[in-house]
Amino acid sequence: MASHRKRSDHDLHNDPPEPIGKSSNNNNSTSMSSRGSRSKIQRTNNVISPLMDHADTANVKEEIDDSAHPTGTTSTRNTLMWFRNDLRLQDNKALYEASMRSKVGAKYLIALYIVSEEEWKEHDEAPVKIDFWMRNLVSLKAKLDKIAIPLVVKTAKRKTDVVGVVESVVREFDISHVFWSQELMVDEKRRDKAVKNALQKIKVHVEECEDQYIVNPLNVRTKTGNPYAVFTPFYNTWCKLVETEPHHLRLTEAPDANPHEAKDLFARYFKATIPSSHPHGLDVETINNLYPAGEDEAHLRLNAFLKTKVKNYRVSRNIPIPEGTSVMSPYLNAGVISTRQCVVMARAANKNKITTGDEDIKSWIKELGWREFYRNILVSFPRVCMNRAFQLKTEKLQWSNNDEHFQRWCEGKTGFPIVDAGMRQLNSIGYMHNRLRMVTACFLAKDLLIDWHKGERYFMQRLIDGDLASNNGGWQWSASTGTDAQPYFRVFNPLLQSQRFDPKGDYIRRWVPELQGLTDKQIHDPYHILDAKEFAKLGYPKPVVDHAKARDKFVNEFKRVLALA
Ligand SMILES: Cc1cc2nc3c(=O)[nH]c(=O)nc-3n(C[C@H](O)[C@H](O)[C@H](O)COP(=O)(O)OP(=O)(O)OC[C@H]3O[C@@H](n4cnc5c(N)ncnc54)[C@H](O)[C@@H]3O)c2cc1C
């Protein structure tokens, strides 16, 4: 861990606000009356929360070096880092900035995480994803413990309680500066605004760090200054910026340790057990083995992928079995690793290039580009966060309300083996291969003519890697209502998709045990290949619709809507 680091551009030039409330704070501000004029200041620890276990530490004094502070100002109050979906130490800008702040002008860095079940429920966060967050939180705590940074875990019973919870933590720990990583979704932005307003009223400084993308979408613009709504030109511009402006790929370091006495001062928090799991109804051992928690695990996975699997990525990425992709998405979406770290590592494996060199590595980086693209859409067209179609005219599509069809899709009982295999994979392990996400989503919207919002929600409630930007982008792409969407008349034929991407039927056999005994040929379309008696013995449902007729119905409906515009 580096002990002398430069402060970044994203800096704190303001004096910390004057301490509020407590007389102990006033003592501190008195002790700092000549703060700019000396290189050593005294820290009086009795400003730490009255709720601390160690009241007897009240008069502990320690000298710290203040010479590094560029403005020469100091504060003896504490700094708070509010973790949300950025559960990592490395390359976490907000944490880095908080650490810098803490180093130059504060006493201790304190970490906060808020368990907010009502909010999670409202956002359809999947229980298996919440469980993954909790497991990663435990891993994060272990890392923070090692560097004497206490992790305070609080609960907000209601969504609206979050403001009060942050405020009370700020008061309890005598915080002068709060840092967090800016979120992109409308609801979260509103929440953060409310928290910021409340904190500013009590003169607490808030720093929201941009860290949810590599290049700020507001800087990836067309020549006329508009946001991109099509992937390829977006990606070309994005690549140019990343290649020519090195700061986009600059990684930040993990925070420095708190002074060692923090271990005693905050002993209660180091000893505390925090939620380490969340009920999800799936097989716990399977889930824990498939997605082990922790920043180290994320890096092991990334390194292993870049050493081996990436070599054939352009081909294998479309084949669901054996798994040819990285399965980094759960880690990326929980913020256990950043997209920037993934691009930096992949780029390093490609002689520091992203647009030339190894085709497979380039292709993988391009997928991360899709992640960036959909974040750009969320920021530039926030209506997609609020259930609106990207192409507004498609909101006039008349969807079918066939609940039975929807239920069969959810349960993986449509009678289309490839679709059912995808849905059962999702229902069993909270993850579905990208090819299958496209096939199942297209099937719901175009074969069953069911509103894509219902599928989007179902995915979100089940996916361990659920992410509003990518999920919404993927669904709208599949339903032809979004950006860059596939044309409405392009309707995946499930049989052809099955034969092409699962030629031997291994994926179907893995997830649809009723069909395990069928030959490679029969398995894609048992209803039409087997005779009625043989088919009945399988205990597998008949196809829920006739694909050709369903396709025509969807295309005609789309044409009708286009004619209205
Ligand atoms: C209907 C639908 C819903 C989707 N929902 C989500 C979702 O909720 N969360 C999510 O992260 N991805 C979603 N995707 C995108 C994609 O399916 C997953 O990112 C991918 O399957 C994750 O597996 P991986 O990490 O092995 O991907 P890899 O192939 O190894 O790709 C590396 C990373 O690139 C990004 N990526 C890859 N493909 C896409 C894509 N099409 N769009 C955006 N980012 C991409 C992901 O972050 C992924 O982890 C969805 C796609 C569709 C069609």
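Residues numbered from 1 in each chain as written. Predicted model: local features only at pLDDT ≥ 70, side-chain atom pairs only at ≥ 80, totals over all residues. Heavy atoms only, no water.

Novice: Go over the overall build of the protein, please, and point to the residues and values.
Specialist: For the protein, the count of helices and strands is 25 helices and seven strands. Taken over 565 residues, the protein has a buried fraction of 57%. At a minimum sequence separation of 6, the contacts of the protein that also span at least 24 residues come to 77%. With the model as given, the accessible surface of the protein reaches about 24,300 Å², and the carbon-plus-sulfur share is 52%. (Helix = DSSP H or I, 4+ residues; strand = E, 2+ residues; numbered from the N terminus. Buried < 20%, exposed > 50% of the residue type's maximum accessible area, 1.4 Å probe, protein only. Contact = heavy atoms within 4.5 Å. Areas by Shrake-Rupley, 256 points an atom, 1.4 Å probe, with all protein chains shown as cover.)

Novice: Help me get a handle on the site of the ligand, residues and values and all.
Specialist: Neighbouring the ligand are 28 residues, the closest being Y313, T325, S326, V327 and N434. The side chain of R437 places a nitrogen or oxygen atom 3.4 Å from an oxygen atom of the ligand. Within the contact set of the ligand, an oxygen atom lies 3.0 Å away from a backbone nitrogen or oxygen of D467. Bound to the protein, the ligand loses 96% of the 820 Å² it would expose on its own. At the level of secondary structure, the elements contributing two or more residues to the shell around the ligand comprise α13 (329-333), α15 (359-380), α18 (434-447) and α20 (468-478). No other element matches α15, which puts six residues into the shell around the ligand. When the residues that make up the shell around the ligand are grouped by side-chain class, the tally is 14 nonpolar, nine polar and five charged. (Near = heavy atom within 4 Å. Polar contact = N/O pair within 3.5 Å; in protein donor to acceptor, adjacent residues only side chain to side chain. Nonpolar A, V, L, I, M, F, W, Y, C, P; charged D, E, K, R; others polar.)

Novice: Residue-level account of the UniProt feature "site: Electron transfer via tryptophanyl radical" (unreviewed entry) in the protein, with values.
Specialist: The positions that UniProt labels "site: Electron transfer via tryptophanyl radical" (unreviewed entry) are, in the present scheme, W399, W452 and W475. Along the chain, the position of W452 falls in helix α19 (residues 452-462). For W452, the residues in contact, after removing those within four places along its chain, are R388, A389, W399, N472, W475, Q476, A479 and T481. Its location among the elements puts W475 in helix α20. When sequence neighbours within four positions are dropped, the list of residues in contact with W475 reads W409, A441, L444, W452, G455, E456 and F459. (UniProt positions renumbered as here; feature names shortened; annotations may be inferred.)

Novice: Could you give an account of the pattern of salt bridges, with specific residues and numbers?
Specialist: Following the criterion strictly, the structure yields 34 salt bridges and no others. Two residues, K362 and E359, come together in a salt bridge whose shortest N-O distance is 3.1 Å. Of this pair, K362 and E359 are both found in helix α15, three residues apart, which corresponds to roughly one turn of the helix. For E359, a relative accessible area of 39% puts it in the partly exposed group. The shortest N-O distance in the salt bridge between E514 and R424 comes to 2.9 Å. One end of the pair, E514, is in the loop between α22 (506-511) and α23 (526-529); the other, R424, is in helix α17 (residues 417-429), and 90 residues separate them in sequence. With a relative accessible area of 26%, E514 lands in the partly exposed category. (Salt bridge = Lys/Arg side-chain N within 4 Å of Asp/Glu carboxyl O.)

Novice: Any chance you could break down empty space enclosed by the protein for me, citing the residues and the numbers?
Specialist: Overall, the coordinates contain four cavities of 30 Å³ or more when judged by the stated rule. Empty space within the largest cavity amounts to approximately 70 Å³. Around the largest cavity sit Y374, I377, L378, V384, F390, A469, N472, G473, Q476, W477, G482 and T483, which together line it. Mapped onto the lining of the largest cavity, the elements with two or more residues apiece are α15 and α20. A breakdown of the residues in the lining of the largest cavity according to their chemical character gives seven nonpolar, five polar and no charged. (1 Å grid on protein atoms, 1.4 Å probe; cavity = no way out; pocket = protein on both sides within 12 Å on 5 of 7 lines; lining within 4 Å. Points joined across faces, edges and corners; volume = space filled by probe spheres on them.)

Novice: Which residues make up the pairing of strand β4 (residues 109-115), and what values do they have?
Specialist: Where burial is concerned, most of β4 is hidden: seven out of the seven residues are buried. Here β4 shows a buried face lined by L109, A111, Y113 and V115 and a second buried face lined by I110, L112 and I114. As paired elements, strand β3 (residues 78-83) and β4 share five bridges and run parallel to each other. Within β4, the position partnered with W82 by the bridge is L112. As paired elements, β4 and strand β5 (residues 151-155) share five bridges and run parallel to each other. Within the sheet, the bridge partner assigned to A111 lies in β5 and is L151. (Pairing = 2+ DSSP bridges.)

Novice: Residues and numbers for the nonpolar core, please.
Specialist: When a protein is soluble and globular, its nonpolar side chains tend to lie buried together. If you look at the biggest cluster of nonpolar residues, it comprises 133 residues, and the most contacted ones within it are F83, Y113, W238, Y291, M328, W364 and W409. With nine residues, α15 is the largest single contributor of residues to this core. If you count residues domain by domain, this core takes at least three from each of domain 1 (58-249) and domain 2 (395-547). If you look at the next biggest cluster of nonpolar residues, it comprises 28 residues, including Y108, I110, V152 and V195. (Core = buried A, V, L, I, M, F, W, Y, C linked by side-chain atoms within 4.5 Å. Domains from an automatic or database assignment.)

Novice: Give a description of unusual backbone geometry that names residues and reports values.
Specialist: Residues I321 and P322 are joined by a peptide bond in cis, for which omega reads -5°. Considering the arrangement of structural elements, one finds P322 in the loop between α12 (313-316) and α13. At K203, a residue that is not glycine, the phi angle is positive and equals roughly 60°. Along the chain, the position of K203 falls in the loop between α6 (186-201) and β7 (205-209). Overall, K203 belongs to the exposed group, its relative accessible area being 52%.

Novice: So, the packing of α18 against α20: which residues are in play, and what are the values?
Specialist: The contact between α18 and α20 brings their axes to 8 Å, and the two run at 55°. In terms of their interaxial angle, α18 and α20 are classed as oblique. Here α18 runs over α20; the crossing is right-handed. Along its contact with α18, which presents M438, A441, C442, L444 and K446, the element α20 presents W475, W477 and S478. The class makeup of the residues in the contact of α18 with α20 is six nonpolar, one polar and one charged. (Axes fitted to C-alpha atoms, helices over the stretch in contact; angles between N-to-C directions. Parallel < 35°, antiparallel > 145°, perpendicular 65-115°, else oblique. Left-handed = near helix turned anticlockwise from the far one by under 90°.)

Novice: Describe the sheet that holds strand β6 (residues 175-181), with residues and values.
Specialist: Pairing is parallel in the open sheet, where five strands are placed in the order β5-β4-β3-β6-β7. A strand with exactly one partner marks an edge of an open sheet, and here the two such strands are β5 and β7. Averaged over neighbouring strand pairs, the angle between their axes works out to 25° when direction is ignored. Here helix α5 (residues 161-172) sits on the sheet and contacts β3, β4, β5 and β6; the angle it forms with β4, its principal contact strand, is near 155°. Lying on the sheet, α6 is in contact with β3, β6 and β7; it crosses β6 at an angle near 170°.

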